[in-house]
Amino acid sequence: MHVHVSRLRAGALGAIQVAATFQGVVRVQLDDDGDQMRADLLQQYPDAVFKRASTMSTDAARVLRDYLGGGPSPTEVPTVLPEVGFSTRVWRELARIPYGKTRTYGAIARLVRKPRAARAVGQACGRNPVPLLVPCHRVLAADRKLGGFSGGLDTKRLLLELEGIPYRG
């Protein structure tokens, strides 16, 4: 399988890497650590052959850059999510959260029919392979506090502010 990687500068977020196959984006990494992304992808796709940017990865990177510049939510970018049961169900629910809106970890747990699994929802958010495209930054704690984010809390704050979403500290 060929995996094509594009890199972009995303203003205050710094570097972002986008990895895609011909089917869609398989990874968005919110830093420029190519070695870490390659290791993560090889774990998921042991036969991966890494190539330079493709139309899919370049177009996805362009859409993300536009979104981070105040443009529309990148909902139309095709993604390929690993089939890992509970996490996949969580990611599908996250993808349904509209731009400028939030859900709580508990609400997502109820939507995936595991009402006591709010902490597991948070862990699934942390394992989200395509942040921004599957908007895990739109999930807050019940008290509207930030909770965690794989890209760091400063990045989560930036993304929430970009979308005009109120939150607590």
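Let me sum up the structure you'll find in this document. As the structure is a computational prediction, the values presented were derived from the model and not from experiment.

If you walk across this open sheet you meet the four strands as 3-2-1-4, and the pairing is mixed. Bordering the open sheet on either side are strand 3 (25–29) and strand 4 (49–51), each of which pairs with just one other strand. The sheet shows a mean angle of 25° between the axes of neighbouring strands, taken without regard to direction. In terms of strand pairing, strand 1 (residues 2–9) meets strand 2 (residues 15–20) through six bridges, oriented antiparallel. Bridge pairing links Val5 to Ala19 in strand 2. Those strands touched by helix 1 (residues 34–44) are strand 1, strand 2, strand 3 and strand 4, and its axis lies near 150° from that of strand 3. Contacting strand 1, strand 2 and strand 3, helix 2 (residues 55–68) crosses the sheet at an angle of about 30° to strand 1.

What follows is about the pairing of strand 3. Burial analysis of strand 3 places five of its five residues in the buried class, which makes it a mostly covered element. Where strand 2 lies against strand 3, four bridges are found, and the strand directions are antiparallel. Across the sheet, residue Gln17 finds its bridge partner in strand 3, namely Gln29. Once strand 2 ends, the chain turns through four residues before running back antiparallel as strand 3, passing Gly24 with a positive phi of about 160°.

Turning to the side chain of Lys156, a few remarks are in order. Mapping Lys156 onto the fold places it in helix 6 (residues 153–162). At 10 Å, Asp143 is the nearest oppositely charged side chain to Lys156, a buried residue that forms no salt bridge. If sequence neighbours within four positions are ignored, Lys156 has contacts with Tyr105, Cys136, His137, Val139, Leu140, Leu146, Gly148 and Phe149.

This part covers unusual backbone geometry. With a phi close to 65°, Arg113 is a non-glycine residue in the positive phi region. Along the chain, Arg113 turns up in the loop between helix 4 (105–111) and helix 5 (118–126).

Let us now look at helix 6. Restricting attention to buried positions, one finds in helix 6 the residues Thr155, Lys156, Leu159 and Leu160. Along the axis of helix 6, the buried residues cluster in a sector spanning 135°; they form a single face. Opposite its buried face, helix 6 presents the exposed residues Asp154 and Glu161, each directed more than 90 degrees away. On its buried face, helix 6 is in contact with helix 2, helix 4 and strand 6 (139–140). Directly after helix 6, the chain includes Gly164, whose backbone phi takes a positive value near 70°.

Scoring rules and cut-offs
- Residues numbered from 1 in each chain as written.
- Predicted model: local features only at pLDDT ≥ 70, side-chain atom pairs only at ≥ 80, totals over all residues.
- Heavy atoms only, no water.
- Pairing = 2+ DSSP bridges.
- Helix = DSSP H or I, 4+ residues; strand = E, 2+ residues; numbered from the N terminus.
- Axes fitted to C-alpha atoms, helices over the stretch in contact; angles between N-to-C directions.
- Contact = heavy atoms within 4.5 Å.
- Buried < 20%, exposed > 50% of the residue type's maximum accessible area, 1.4 Å probe, protein only.
- Lys, Arg positive; Asp, Glu negative; His and termini not counted.
- Salt bridge = Lys/Arg side-chain N within 4 Å of Asp/Glu carboxyl O.
- Arc of directions from axis to C-beta.

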